[in-house]
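Structure at a glance
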Amino acid sequence: MSTSSLAVADAVTATALDHEDRTADLSGGVEIRRLDRGDVAEIARLFDAMSPSGRYLRFLAPMPTIPAWFLERLADPDGVSHIVLVARVDDRPIGEARFVRSTVAPDTAEFAVAVVDDQQSRGVARALLAALADEASRAGIRRFTFDVAPANRPMLSWLCRRGARIRFDEGVMTGDVLARAFLRRSPEAANREDLGRCA
């Protein structure tokens, strides 16, 4: 898998953010905001704080260090077709979520999310994804696509509960899901006819 992949890291569980706010606080003082274009230092700090296994899950490839050219690419959202949200606590980046719009299907975008190891299980990833889905709705994006490591069972389970269609392809679990599914507080809120199947 290419290092340009938006591979999805571990999901964690907790209550989602209020979707009317572009920036909102989780308990514990976590703030979510858009990344400033060109803020390489912020992205570098985030991924430097992740374990090697966390970076592997994010990029679906060993990534002991991230090359400068790739950090520059990660820190270059255009604010329209490429959106990056960063979660921060005490002026420290602890997670990111992003989408990149498809050039073939403009209502579809690939998404990714990652949270540093010591901040997992606090609801940070879920809050990031809810905020990302809100951004997607404003941008006219209806569906998210993704690649996930087969060993990343928590994320696969979370996606399944939100109606994702998932299949195994070339060593990864790949699929798609309605973007609005990330706004639901519980899977029971889903419209049953929108639900896909997890293979």
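To keep things clear, this report deals only with the structure shown in the data block. Because the structure is predicted, anything quoted here is derived from the model rather than measured.

**A few points about the overall build of the chain**
- The helix and strand inventory of the chain stands at five helices and eight strands.
- Going residue by residue from the N terminus, the α and β elements of the chain occur as β-β-α-α-α-β-β-β-α-β-α-β-β.
- Looking at the chain as a whole, 53% of its 199 residues qualify as buried.
- For the chain, the proportion of contacts with a sequence separation of at least 24, taken over those separated by at least 6, is 66%.

**Remarks on the packing of aromatic side chains**
- Within this structure, the stated rule accounts for nine aromatic pairs.
- Judged by centre distance (5.4 Å) and plane angle (50 degrees), the rings of Phe111 and Phe144 are tilted. Taken together, the residues span a long stretch of sequence, with Phe111 in strand 5 (residues 108-115) and Phe144 in strand 6 (residues 143-148) at a distance of 33 residues. For the pair shown, Phe111 and Phe144 are each scored as buried.
- One aromatic cluster in this structure is built from Phe99, Phe111, Phe144, Phe146, Trp158 and Phe182.

**Here we look at the environment of Gly140**
- Looking at the element boundaries, Gly140 is found in the loop between helix 4 (124-138) and strand 6.
- According to the relative accessible area criterion, Gly140 is partly exposed, its value standing at 45%.
- Taking the C-alpha atoms as reference points, Gly140 and Pro106, separated by 34 residues in sequence, lie 8.1 Å from one another.
- Residue contacts for Gly140: discarding those within four places in its chain leaves Pro106 and Asp107.

**Re the pattern of salt bridges**
- Counting across every chain of the model gives eleven salt bridges.
- With a shortest N-O distance of 2.2 Å, Arg88 and Asp91 are connected by a salt bridge.
- A residue is classified by how much of its surface remains accessible, and Asp91, at 56% relative accessible area, is exposed.
- Here the residues in one salt-bridge network are Arg33, Glu42, Arg88 and Asp91, joined through shared partners.

**Observations concerning the environment of Asp117**
- Considering the arrangement of structural elements, one finds Asp117 in the loop between strand 5 and helix 4.
- Remark: the alpha-carbon pair of Asp117 and Ser51, spanning 66 residues in sequence, is separated by 6.8 Å.
- Excluding anything up to four places from it in sequence, Asp117 contacts Met50 and Ser51.
- A distance of 2.7 Å separates a polar atom in the side chain of Asp117 from a polar atom in the side chain of Ser51.

**Some details on helix 5 (residues 153-161)**
- Listed as buried for helix 5 are Met155, Leu156, Trp158 and Leu159. Down the axis of helix 5, the buried set is contained in an arc of 160 degrees. They therefore lie on one face.
- Residue Gly163 follows helix 5 closely and has a positive phi angle near 85 degrees.

**As for the environment of Leu85**
- Counting through the fold element by element, Leu85 comes out in strand 3 (residues 82-89).
- What makes Leu85 buried here is its relative accessible area of 1%.
- Spatially, the C-alpha atom of Leu85 lies 9.2 Å from that of Phe99, the residues being 14 residues apart in sequence.
- Setting aside residues up to four positions removed in sequence, Leu85 forms contacts with Ile32, Arg33, Arg34, Gly95, Glu96, Ala97, Leu128, Ala131, Leu132 and Glu135.

Conventions we followed
Residues numbered from 1 in each chain as written. Predicted model: local features only at pLDDT ≥ 70, side-chain atom pairs only at ≥ 80, totals over all residues. Heavy atoms only, no water. Helix = DSSP H or I, 4+ residues; strand = E, 2+ residues; numbered from the N terminus. Buried < 20%, exposed > 50% of the residue type's maximum accessible area, 1.4 Å probe, protein only. Contact = heavy atoms within 4.5 Å. Phe/Tyr/Trp six-rings, centres within 6.5 Å; stacked < 30°, edge-to-face > 60°. Salt bridge = Lys/Arg side-chain N within 4 Å of Asp/Glu carboxyl O. Polar contact = N/O pair within 3.5 Å; in protein donor to acceptor, adjacent residues only side chain to side chain. Arc of directions from axis to C-beta.

Geometry only, nothing functional implied.
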